[in-house]
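# What the coordinates show
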Amino acid sequence: VQLQASGGGTVQVGGSLRLSCAISGRDFRFIGSTARWYRQAPGKQRDSVAAVTSDGTTTYADSVKGRATISRDNAKNSVYLQMNSLKSDDTAVYYCSVFYGGRRYWGQGTLVTVSS
């Protein structure tokens, strides 16, 4: 299973970004999996940001609740993360991830820098 994240960049405080993650793999069935976004700030551990289950149920970390929206497109094997009202604390490398066939797969990460 391969995950390709994109959409990171530098944005000012209060701005918005939309991250995308395309997932592929032989025999991979995206429709039955839960997709997640994680992030890792410099010097900190990797934390879960948001998740979307196969039936579309979403959960969010308290730090992004109300500012983030995770979504999925099963036809495109893709998951997205819309982030609004960005803060300096949102600066991090963002990773998409799926758990499939008994293991967790990770994308390469996309850097989001929020500047003041």
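Preceding this section is the structure that the text describes.
The present account deals with the structure reproduced in this document. (Residues numbered from 1 in each chain as written. Predicted model: local features only at pLDDT ≥ 70, side-chain atom pairs only at ≥ 80, totals over all residues. Heavy atoms only, no water.)

## Observations regarding the sheet that holds strand 1 (residues 2-6)
- The strand order across the open sheet formed by four strands is 1-3-8-7, and the pairing between neighbours is antiparallel. Two strands bound the open sheet, and with one partner strand each, they are strand 1 and strand 7 (68-73). The sheet shows a mean angle of 15° between the axes of neighbouring strands, direction not considered.
- Where strand 1 and strand 3 (residues 17-24) come together, five bridges link them in antiparallel fashion. The residue of strand 3 that forms the bridge with Ser6 is Ser20. (Pairing = 2+ DSSP bridges. Helix = DSSP H or I, 4+ residues; strand = E, 2+ residues; numbered from the N terminus. Axes fitted to C-alpha atoms, helices over the stretch in contact; angles between N-to-C directions.)

## Brief notes about the pairing of strand 11 (residues 110-115)
- With burial as the criterion, only one face of strand 11 is covered, namely that bearing Thr110, Val112 and Val114; the residues Leu111, Thr113 and Ser115 on the opposite face remain uncovered.
- Note that strand 2 (residues 9-12) and strand 11 share four bridges and pair parallel. Across the sheet, residue Gly9 finds its bridge partner in strand 11, namely Val112. (Buried < 20%, exposed > 50% of the residue type's maximum accessible area, 1.4 Å probe, protein only.)

## Notes on the side chain of Ser33
- Mapped onto the fold, Ser33 is located in the loop between strand 3 and strand 4 (35-40).
- Once residues lying within four places of it in the same chain are set aside, the contact partners of Ser33 are Phe28, Val52, Thr53, Ser54, Arg72, Val98 and Phe99. (Contact = heavy atoms within 4.5 Å.)

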